[in-house]
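Here is what each chain is made of, one letter per residue.
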Amino acid sequence: MGQWFSRTSDDTHHQDSAFSFNKYFKNFKVENKIISQNTISLIESYLQKGDIQGAASAISGALREIDNAPLDLAVTGESGAGKSSFINALRGVGHEGKDAAPVGVVETTMERTAYKHPNFPNVRIWDLPGIGSPNFQPKNYLEKVKFREYDFFIIVSATRFKKNDLDLAKAIKIMKKNFYFVRTKVDSDLQNEELSKPTTFDREKVLQQIREDCVRNMKNNIDEPEVFLISNNNLSEYDFPIMMDTLIKDLPAQKRHLFMLSLPNVTEAAIERKRVAQQQYIWLDALRAGAPAIMPLQIIINNNTMEKLQKILNNYQVLFGVDEPSLKALAKHLRVPVERLKDSIKSPTLLETEKEETAGEMFMRYLKNVLINGGGPLGAGLYCQEIYYMQLLMLDTVADDAKVLLKETYSGK
């Protein structure tokens, strides 16, 4: 294994190493950190003692836990509440797409069914039969749906939450699991209200009335109920971004990273959160692998390295929805040529070498810009092997592309 820092380092250098590591992670809010504070403190303690092997082992364990962590979300509610549409929206899958949860006007969920995320197989969203349906009566509902297997429950309704929903929430709470109320189809409610009262229609007032009606119906049964208003047709509107923030905060650190990466790019904040999460993973992986204590003076890329970089770039493009299939789907949705979308972003041609500036020179220019701005791990005094700097450039480029496409999406509506 390589070295992070010279083995001739004295106690002062060890303290500096620990300080740099801690300083980097202090830049993030607790809910955006992909490792727990206990793990951060453990790694820091190894660095303070100069135990590089111990620190690397702790990082390896943390990354292994992140890579292997399963995440199981349970979605339940009455027939017609929009459960399947919600599940498809979370997975970024169209209703007619491959492996989509079936959507219909009649009850389509007769038994619990798992739907894997197309890009993250460790993420499973379970479509549960509505409580009170013939084979799933309230008395033994939780046992029948195997409640212990889920990280949290989302209880969905398109109207008021019924007694069965509230009884289920209380039972989940007794089992010390988290649950969240989601009120769907608010876009339809707003549209109907505007059609019936065109002169007095007030969008915010109607949303507040819907929220208060749901909460008022719960107050005698649930302490401090919180209801998220959403539209499965437009996740960037209403409370969906707020709900995702809440879920991320409530998850343990090792599952938080996976959940953040799996979420659809519905806002710039969601894209930035993905970028920050992946940046942390890159630097933890770099520190685990071993790193020099100084910045490289030049970067020379051979064919083998270029192949690795292309594979990494492709993975980032899938993660942020700027890969070829995603671009084609967006172009079809916006009714524009796919080449127009490609012309507006940089990552498709990022590693092309038929230009005056070599790839190595491009990466060095990126590093100098980062140092001038004093951001990220470099600003905290953390340095690593060359390939990890290249990963950071590709990550930033793809994330910026995702933001460009997000603007294209909403400007094209």
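These notes cover the structure that comes with them.

About the thresholds
Residues numbered from 1 in each chain as written. Predicted model: local features only at pLDDT ≥ 70, side-chain atom pairs only at ≥ 80, totals over all residues. Heavy atoms only, no water. Helix = DSSP H or I, 4+ residues; strand = E, 2+ residues; numbered from the N terminus. Buried < 20%, exposed > 50% of the residue type's maximum accessible area, 1.4 Å probe, protein only. Contact = heavy atoms within 4.5 Å. Areas by Shrake-Rupley, 256 points an atom, 1.4 Å probe, with all protein chains shown as cover. Pairing = 2+ DSSP bridges. Axes fitted to C-alpha atoms, helices over the stretch in contact; angles between N-to-C directions. Parallel < 35°, antiparallel > 145°, perpendicular 65-115°, else oblique. Left-handed = near helix turned anticlockwise from the far one by under 90°.

**Concerning the overall build of the chain**
- Helices and strands together make up the secondary structure of the chain, namely 17 helices and six strands.
- Looking at the 413 residues of the chain, the share that counts as buried comes to 50%.
- For the chain, restricting intrachain contacts to residue pairs at least 6 apart in sequence, the fraction spanning at least 24 positions comes to 72%.
- In the structure as shown, the chain presents an accessible area of about 20,800 Å², 49% of it carried by carbon and sulfur atoms.

**Points about the pairing of strand β1 (residues 71–77)**
- The buried fraction of β1 is high, at seven of seven residues.
- Both faces of β1 are covered, namely the face carrying Leu71, Leu73, Val75 and Gly77 and the face carrying Asp72, Ala74 and Thr76.
- Where β1 and strand β3 (residues 123–127) come together, five bridges link them in parallel fashion. Bridge pairing in β3 places Leu73 opposite Ile125.
- Alignment of β1 against strand β4 (residues 152–157), held across five bridges, turns out to be parallel. Bridge assignment links Thr76 to a residue of β4, and that residue is Ile155.

**Focus on the packing of helix α7 (residues 186–196) against helix α8 (residues 203–218)**
- Direction vectors running N to C along α7 and α8 enclose 125°, while the axes themselves pass 10 Å from each other. Judged by the angle between their axes, α7 and α8 are oblique. Along this stretch, α7 crosses α8, giving a crossing that reads as right-handed. The residues of α8 that touch α7, namely those facing Val186, Asp189, Leu190 and Glu193, are Arg203, Val206, Leu207 and Ile210.

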